[in-house]
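Single-letter residue listing:
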Amino acid sequence: MDLKGRNFLTLKDYSPAEIQYLLDLAADLKEKKKNGIPVDFHRGKNVALIFEKTSTRTRCAFETAAHDLGIGTTYLEPASSQIGKKESIADTARVLGRMYEGIEYRGFGQEIVEELAKNAGVPVWNGLTNEYHPTQMLADLLTVQEHFGKLAGIRLVYMGDARYNMGNSLMVACSKMGLDFVACAPKKYFPNQELVEQCREYAKASGSAITLTEDVKEGTKGADVIYTDVWVSMGEPDQVWEERIRELTPYKVTRAVMDNAGPQAIFLHCLPAFHDLKTTIGKEMNSRFGIEDMEVTDEVFESSCSKVFDEAENRMHTIKAVMAATLGE
Ligand code: CP
Ligand code: NVA
């Protein structure tokens, strides 16, 4: 499988065989890491990491993975570059493409990362946009594969705001790889119809199904994976908190949801998660609305069915696979 020179902008651009190849490569790199076997076969290369939104996992995963591969990194935070303010995306891409062998971008619209990719002349990797979070998908698929020993036939239920980056991306990832995908949310939070139709085509090819439902009992029954994400994403206005808490509380992942899914079910979350009062925003929402948690209860988050830290670790191994496979000679 030759993915050299390819961008990684959304899993829509990758075939199931290519996705499986990246997962297998990630598993191999993970094994090598655990056994102390060096993989620095990209020694001497450099990559630029552009973050227009904050990050813990994605940034650290890119930096540690790059280090293991022998690659140097430059981290560009929102305040420290000219991007968008004094210099267009296209100009930035052409400058960085002269200095770096690859570019990661986290930010706002998908069209920005597409524009970077069009002009950079080197592989561009999407570290999260409003629409998609493809590196997260590889980590999630690897975690499911490790836990269940397979992907096809697994039923994954996404609860919450299913029309944003995580809901969209999970629907693409599942339908491509043969997992049944359920969006369990109020109707207005369903993924957009055009993407649903595109994913139904992928699902037809992989033999899986896509279900959109408002019914929590029905939607989560027999699920293998219950997945959720924050109710308000980065870059969204503060004013939406009240509405989201009101509309999405019935879709919180609770013990009752996990019990309804069954004893086989695991809990996943891309993180960060609001499951207690140990964060500034968690405390603020507690004082405004009297709530102790949001998208998931602390009980579920801390339970043995929660695999969120395996999932977080897998960000690094899968991002390493993406860079290893797509960087040129
Ligand atoms: N899951 C994820 O992308 O985490 P960060 O925002 O910390 O990178
Ligand atoms: N939907 C979240 C994902 C964070 C990893 C956000 O965009 O903020």
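The rules behind these values
Residues numbered from 1 in each chain as written. Chains lettered and ligands numbered in written order. Predicted model: local features only at pLDDT ≥ 70, side-chain atom pairs only at ≥ 80, totals over all residues. Heavy atoms only, no water. Near = heavy atom within 4 Å. Polar contact = N/O pair within 3.5 Å; in protein donor to acceptor, adjacent residues only side chain to side chain. Nonpolar A, V, L, I, M, F, W, Y, C, P; charged D, E, K, R; others polar. Axes fitted to C-alpha atoms, helices over the stretch in contact; angles between N-to-C directions. Helix = DSSP H or I, 4+ residues; strand = E, 2+ residues; numbered from the N terminus. Parallel < 35°, antiparallel > 145°, perpendicular 65-115°, else oblique. Contact = heavy atoms within 4.5 Å. Expected span 1.5 Å × (residues − 1). Buried < 20%, exposed > 50% of the residue type's maximum accessible area, 1.4 Å probe, protein only. Arc of directions from axis to C-beta. Salt bridge = Lys/Arg side-chain N within 4 Å of Asp/Glu carboxyl O. Pairing = 2+ DSSP bridges. Right-handed = clockwise from strand over helix to strand, strands pointing away.

K.L.:
An account of the site of ligand 1 is requested, with residue identities and associated values reported.
P.N.:
Around ligand 1 sit Ser 55, Thr 56, Arg 57, Thr 58, Arg 106, His 133, Gln 136, Cys 270, Leu 271 and Arg 315, and those are all the residues in its vicinity. Here an oxygen atom of ligand 1 sits 2.6 Å away from a polar atom, N or O, in the side chain of Ser 55. Take Arg 57: an N or O atom from its side chain is 2.8 Å from an oxygen atom of ligand 1. The residue makeup of the shell around ligand 1, split by class, is two nonpolar, five polar and three charged.

K.L.:
Give a description of the site of ligand 2 that names residues and reports values.
P.N.:
The environment of ligand 2 is formed by Leu 128, Asn 165, Asp 229, Val 230, Ser 233, Met 234, Cys 270 and Leu 271. Interatomic distance of 2.8 Å between a side-chain N/O atom of Asn 165 and an oxygen atom of ligand 2. Measuring from a nitrogen atom of ligand 2, one finds a side-chain N or O atom of Ser 233 at 2.7 Å. Of the residues in the shell around ligand 2, the class split is five nonpolar, two polar and one charged.

K.L.:
How would you summarise the packing of helix H1 (residues 16-34) against helix H5 (residues 134-148) if you had to cite specific residues and measurements?
P.N.:
Helix-helix packing is characterised by the crossing angle of the two axes and by the distance between the axes. The contact between H1 and H5 brings their axes to 10 Å, and the two run at 70°. Classified by the angle their axes make, H1 and H5 are roughly perpendicular. Contacts between H1 and H5 involve Ile 19, Gln 20, Leu 22, Leu 23, Asp 24, Ala 26, Ala 27 and Lys 30 on the former and, on the latter, Leu 138, Leu 141, Leu 142, Gln 145 and Glu 146. A class-by-class count of the residues in the contact of H1 with H5 yields eight nonpolar, two polar and three charged.

K.L.:
Can you tell me about helix H7 (residues 193-206), naming the residues and giving the values?
P.N.:
Compared with the 20 Å implied by 1.5 Å per residue over 14 residues, the 20 Å span of H7 between its first and last C-alpha is a close match. Restricting attention to buried positions, one finds in H7 the residues Leu 195, Val 196, Cys 199, Tyr 202 and Ala 203. Along the long axis of H7, the arc covered by the buried residues comes to 115°, so they all point the same way. What points out from H7, more than 90 degrees from its buried face, is the exposed set Glu 194, Lys 204 and Ala 205. The inward-facing, buried residues of H7 abut helix H6 (165-177) and strand S7 (210-213). Its side-chain oxygen at 3.0 Å from the backbone nitrogen of Glu 194, Asn 192 defines the N-terminal cap of H7.

K.L.:
Run through the pattern of salt bridges, naming residues and quoting values.
P.N.:
Applying the stated criterion to the full structure yields 21 salt bridges. Among the salt bridges present, the one from Arg 94 reaches Asp 91, with a minimum N-O distance of 2.5 Å. Placement of both Arg 94 and Asp 91 in helix H3 (residues 89-99) is noted, with a separation of three residues, approximately one turn of the helix. Taking the relative accessible area as the measure of exposure, Arg 94 reaches 47% and is therefore partly exposed. The salt bridge involving Arg 163 is made with Asp 161; its shortest N-O contact spans 3.0 Å. The exposure class of Arg 163 is partly exposed, given its relative accessible area of 30%. Exposure remark for Asp 161: the relative accessible area of 3% places this residue in the buried category.

K.L.:
Explain the pairing of strand S3 (residues 102-106) to me, and be specific about the residues and the numbers.
P.N.:
Most of S3 sits out of view: five of its five residues are buried. The sheet contact formed by strand S1 (residues 46-51) and S3 spans five bridges and is parallel. Looking at the pairing, Ile 50 lines up with Tyr 105 of S3. Relative to strand S4 (residues 124-126), S3 runs parallel, the two sharing three bridges. For Tyr 105, the partnering residue across the bridge sits in S4 and is Asn 126. Crossover connection from S3 via helix H4 (residues 110-120) to parallel S4: handedness right-handed.

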